[in-house]
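Observations on the three-dimensional arrangement
Here is what each chain is made of, one letter per residue.
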Amino acid sequence: MAKIIVDDREYEVKDGQNLLEACLSLGLNLPYFCWHPAMDSVGACRQCAVKLYRDENDKNGRLVMACMTPAADGTRISIEDAEARAFRASIIEWLMTNHPHDCPVCDEGGECHLQDMTVMTGHNYRRYRFGKRTFYNQNLGPLVNQEMNRCIQCYRCVRFYNDYAGGHDFGAFLLHDTVYFGRREDGVLESEFSGNLVEVCPTGVFTDKTLKQHYTRKWDLTTAPSICVNCSLGCNTIPGERYGMLRRIHNRYNGAVNGYFLCDRGRYGYEFVNSERRIRHPILDRKVQGVTKEEALSRAGELLKDPARVIGVGSPRASLEANFALRTLVGPERFFLGISPSEARLVQQSIAILRDGPARTPSLREIEKADAVLVLGEDVLNSAPMLGLALRQSVRQKPLRRAAQMRIPLWDDKAVRELVQTERGPLYVATPNRTRLDEIATRTYRASPQDIARLGHAVAHAIQSDAPVVEELPEEIRSLAEEIAAALKDAERPVVVSGVSLGSLEVMQAAANVAWALCAAGHPAGIFLTQMEVNSLGLGLMNGKTLDEAVQTARSGQVDTLVILENDLYRRMDTYALEELLSSVAHVIVIDHLSNPTTERAEVVLPAATFAEGDGTLVNNEGRAQRFYQVFVPEGEIQESWRWLRDAMAAAGRSSQAPWSNLDDIVAAMAEELPQFLPVLQVAPPAGFRIAGMKVPRQPARYSGRTAMHAHISVHEPKPPDDPDSPLSFTMEGTPLQPPAALIPRFWSPGWNSVQALNRFQEEIAGPLRGGDPGVRLIEPAEGQQPAYFRHIPAPFAARKSEWLVIPLHHIFGSEELSVLSPAVAQLSARPYLVLNPGDAAALSLVEGGLVEVKLNDTAYRLPAKFSSELPAGLAGLPVGLPGMAVASLPAWGRLASETPLDSSAAEVGKQ
Amino acid sequence: MEMERPLTRNIRPGQEPLDIQAYQAAGGYQAVHKAIKNMTPQQVIDEVKASNLLGRGGAGFPAGVKWGFVSPQAPHPRYLIINADEMEPATFKDRYLMEGDPHQLIEGIILAAYALQADVAYIFLRWEYKLAAQRLRKAIAEAYQRGYLGRNILDSGWSLELRLHVSAGRYMCGEETGLLNALEGKRANPRNKPPFPATVGLWGRPSNVNNVETICNVPHIINNGSAWFLSLSRTDEGGTKIYGASGRVKRPGAFEAPMGTPLREILEDYAGGMQDGYKLRAILPGGASTAFVLPEHMDTPMDFKNMAKIGSSLGTGTIMVVDDHTCPIGVMENLEHFFAQESCGWCTPCWAGLRWSARILKSFEEGEGRMEDLPILEDHSHRLIPGTTYCALATVAMNPLSSGVRYFRDEFERHAREHRCPWR
């Protein structure tokens, strides 16, 4: 700890900080622009000037920038000094010489850091009487809007986009007071993280283009703490609603998960909530209109009378509570995991690796601090994008040691980057095809899943000889394995990354062996396994049978009614198997929020709440259980799936089995029934939690028009909806105090209207939220365990003469079911294709863009061909999950044939 | 009297510079032989320190001390960078030296690089200096051919590569850390210090950046010793200085004279005094970024210490003369416009403050001046001070501004009163 003196008061602060961090951590108001807690100091804006004194006898002092001055022991400063105040006000005055006073029509207005800082410095009178500079604005694609005239040249955007997120198509151009931040020419921003510009920009240069389509001020948004549902990482979000429509997603800082940022899929994938395809009322016998809740439940009750003849299919995109309710309804023996059998094996394998082995799974934040990483099989920027952003930080860790040795403070970002230059720590990427992470990789290895697994096993063996030997390994692979092993052993915090997206059990097992070998050799390593969906791991922890067992059960004639929970089974199993399942049962009940091919087949469809309309618990790939809260009460008969299941059981006369009146009840029941979920009780405060007798308001104190917005219906203000499930209220009434971290509905603090108010919610800058970051880990490794190595090593890949091993490829935009329904995401979605090695393509007489026919078991596709010289011969890559593409269980051997394109502009995406 | 003008003795204006053979015949490269064969790198540094050779780029920092910042244990590769990005308005001394005697610079580079045990040296040359580029290229090739550059120089085991880099052209590239960024292919934004270039310089490596004229002195110091070098000067700041004069003087140009030669001697004896019909109004003694001085200061010795005493600075030592037929506000507007244009756009006081200052001056020139804007100019000169701006560009831009507002207040009043520039 260091003692600093600020305006004659002594404070204790953490060592190694700069004065700005120290002052903000102490809760002092000191304005700033260019400094960002995740990107540190560069000293560009000169806004955080304070008076620095040599000692108590120094009466004059000198102005210094707090962000560039160490908070060393004994440092004596003044924030309130008249000269310092005047200087800070003049910085705003200078910025205002060019900033247009267009706050009323600016999307940032009301949550603008520049507005806040202007008020904070007290500058209010305009002396500048000349013209302002103007810029041409670029079309940067469907996600980010640019309005350059508002720019204050703080350089945060370019530092985030290029330095932090590794972008290449963005930069600072020109000079003096006309520095331009944008692309070389109009075009879609290429970074997976471009949307963060919206929050990084301290004013209205970069704003959310999807919000613009249905604009609402921050103070008019009803918000609640939520979890992103678009991948397995469980980033924390703040969705905002008005007039029954979800308007936008903002980042919700979680010091252990996503920190300050979100990926573009997570930020922009929300609009399925507003989709035309939403199911808002029960559907009976495909009759959409006029079905009451009672009618629907009465039918469901009839169909569920005999639980022994009902089976249920759960969902990796539904909450723990919803899955548990279904499991209760059908009984554990008749509860099936709503994921493909092959994925189910991978999920179960993941759980076993995390629980039974000695390697711990790091949090996403801990990945940033890893100093050597091996990626086996995962294209992380597409399967779990924020993991890619964390890995981009991890490669800085090893070179940062040199900065520490040279006594360059790590917060001095420019100096550190000048020292480190392009030096990067070890990152090895082994994937079948090129990835966007390759550019920062020490080495890449392109191979089939089998050969990737073999490399992993060879690395494990090179680390610890107890791990199984890989026979007949080519010399170059052996030396690569030894290089990787040495780099991992040399690290303080090595991490192995793998996951389910390549569909290979063997790759995952090899990854486990590497991490376990490191642990056994005395180098505690992390293992980080991505999953496909937001609650895949939670579903896996619930245990259940696989979908092929469901087909068998149904085929045996034991089933009358099939209940499908939040799941489009056409995305899970091939059409033949699914048709067999559906035709073997007499009745199908589907609970979901969007119409899809599965709901089309249902006798009863019950409208489920999305993440924005209900509460629940989700378990991310780290095993972290996190609570999401209802943001708003939707129109129609929508309610949480667990409530539908409870009501259906009541209608079936089985209410004693589901005596749950609120979320706490069902969580308690789940924890009692399934002890692995006992920690879920600690995830968030119970519904009865109050602060001085008050709930936590979902609406800001400045929420406007609550009487007027319904005046066309009635001039009487409606009674606000109750929320029996949480300590959050649906109004602006409630505690003005900061709630526990899991309940923070928005970051706001007096004088801090922008996202920067977050500083006031952390224990220290960039540290955990006050009281600890939300979420509880359900899985911890077996301490001191000797690894039980996986002993099965696959044979080397051998290309076949007339068949190709088709492997799955994922796309940040398009592969995920829900996010692609956002118009902006749909616009960026990948189009179906098949990628091949050019040599293989030549053998098939294929031209790039020409149509290729792919036959996989019973499914055939006709797709335009793409070439990749990095994809090994004998492999073919097929994107998965894209809208309109039939599902296939991959990797699988398939036959390819060249087709003469009838119409080269349109590729037919054939389902059999 | 040849020894009194060591820097320019080989320079014959209007003629080709000496080639390596002629340069050697005139005693060239002897210092390289002497240093590499008979002196340790530390002895070279010590000799230069003793000579009190102050940096000629304008800051006046002792060159030997600066070299000493690169620790003998510092890692390799180490870099020596010659700042030849001479973009200070009215300054042309380095051009004179490079065009006139390129081998003198190369010899100095070899000596400085030897002292630093540098592995690579760069000459970072102003884009417009085409002739200098052409002559330097030829001279560098000759030096390589003779084995003064390249591998194992004079069988010492020490190697040096010398590269000429022609700048893309910005004033900011003359700031040493902006120069380093530009050389790395980045925006020419300055860097914060510490860390200093001696520890984290070009490509993150130990580096030293020196001005052309500074380096040109080194062969003479090595050949003749520090005592001789100190004896050249009329003050305690060693050596001679290339002074220059521009404006309405009879003989504008660059002149080598002892350090500390008074302003009056330079203007009257070397530059021949004012042209007929013109009277001296004010002087910018060391380039655009120095404060105005008045005719009453004419007897001040032109060295770093004495120019600082009268509230200005020696800068590059190239004098800009303002006569009584020229609008001083127009001069200021011209300068501040230049600085505003050349701001790299990094720190707010610079990119926003300089533009505003220039706009106010322009409004006076266009007859739109208002006296209530004068306190704004004064605010700028109080607020753009070392520590509040990121680098020195904005603070030195305040030198002509604040001194001008002080000395020419009556002119501002006249412009405002008459709603025009009286000189137009």
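Conventions adopted
Residues numbered from 1 in each chain as written. Chains lettered and ligands numbered in written order. Predicted model: local features only at pLDDT ≥ 70, side-chain atom pairs only at ≥ 80, totals over all residues. Pairing = 2+ DSSP bridges. Helix = DSSP H or I, 4+ residues; strand = E, 2+ residues; numbered from the N terminus. Buried ≥ 20, exposed ≤ 12 C-beta atoms within 10 Å, placed from the backbone. Contact = placed C-beta atoms within 7 Å. Domains from an automatic or database assignment. Nonpolar A, V, L, I, M, F, W, Y, C, P; charged D, E, K, R; others polar. Core = buried A, V, L, I, M, F, W, Y, C linked by C-beta atoms within 7 Å. Axes fitted to C-alpha atoms, helices over the stretch in contact; angles between N-to-C directions. Parallel < 35°, antiparallel > 145°, perpendicular 65-115°, else oblique. Left-handed = near helix turned anticlockwise from the far one by under 90°.

What about the sheet that holds strand E16 (residues 335-336) of chain A?
Residues and elements named next belong to chain A. Strand order in the open sheet made by the 6 strands is E14-E24-E23-E22-E15-E16, with mixed pairing throughout. Of all the strands in the sheet, the pair left with one neighbour each is strand E14 (283-284) and E16. Taken together, the 4 bridges between strand E15 (residues 310-313) and strand E22 (residues 561-565) define a ladder with parallel strand orientation. Note that in E22 the partner of Val313 across the bridge is Ile564.

Regarding the environment of Gly330 of chain B
All names here are of chain B. Tracing the backbone shows Gly330 in helix H13 (residues 328-342). A count of 19 C-beta atoms within 10 Å places Gly330 in the partly exposed class. Considering only alpha carbons, one finds Gly330 and Phe364, 34 residues apart in sequence, at a separation of 8.7 Å. The residues touching Gly330, leaving out its near neighbours within four places in the chain, are Glu365, Cys421 and Trp423.

Some details on the domain arrangement of chain B
Residue and element names in this part refer to chain B. You can read the domains of chain B as domain 1 (20-231), domain 2 (240-323) and domain 3 (328-418). Just the C-alpha atoms count here: the centres of domain 1 and domain 2 sit 27 Å apart. Tallying contributions element by element places helix H5 (residues 93-100) first for the side of domain 1 that touches domain 2, with 3 residues. Of the residues belonging to the side of domain 1 that touches domain 2, the class tally is 6 nonpolar, 3 polar and 3 charged.

As for the nonpolar core
Counting residues in hydrophobic clusters, the biggest one holds 419 residues, and the most contacted among them are Val459, Val514 and Ala515 of chain A together with Ile109, Leu111 and Ile266 of chain B. The element best represented in this core is helix H18 (residues 505-520) of chain A, accounting for 12 residues. In this structure, Val514 of chain A is in contact with Leu374, Gly456, Val459, Ala460, Ile463 and Val496 of chain A, ignoring residues within four places of it in sequence. Listed in part, the 6 residues of the second largest apolar core include Ala415, Val416 and Leu419 of chain A together with Val200 of chain B.

Focus: the packing of helix H2 (residues 82-96) of chain A against helix H3 (residues 113-121) of chain A
All names here are of chain A. Look at H2 against H3: their axes get within 9 Å of each other, and the N-to-C directions meet at 140 degrees. As summarised for this structure, H2 and H3 are arranged oblique, according to the angle between their axes. For the pair H2 and H3, the sense of crossing is left-handed. Residue-level contacts link Arg88, Ala89 and Ile92 of H2 to Met117, Thr118 and Thr121 of H3.

With respect to the interface of chain B and chain A
With 29 residues of chain B at the contact, the number on the chain A side is 33 residues. Broken down by secondary-structure element, the contributors of at least two residues to the side of chain B that touches chain A are H13, helix H14 (348-365) and helix H15 (374-383) of chain B. For the side of chain B that touches chain A, the leading source of residues is H14 of chain B, giving 8 residues.

Examining the sheet that holds strand E34 (residues 875-879) of chain A
Residues and elements named next belong to chain A. With mixed pairing, the 6 strands of this closed barrel are ordered in space as E30-E34-E31-E33-E32-E35. This sheet shows a mean twist of 45 degrees between the axes of neighbouring strands, independent of strand direction. Both strand E31 (residues 834-836) and E34 contribute to a ladder of 2 bridges, which runs antiparallel. Within the sheet, the bridge partner assigned to Leu836 lies in E34 and is Ala876.

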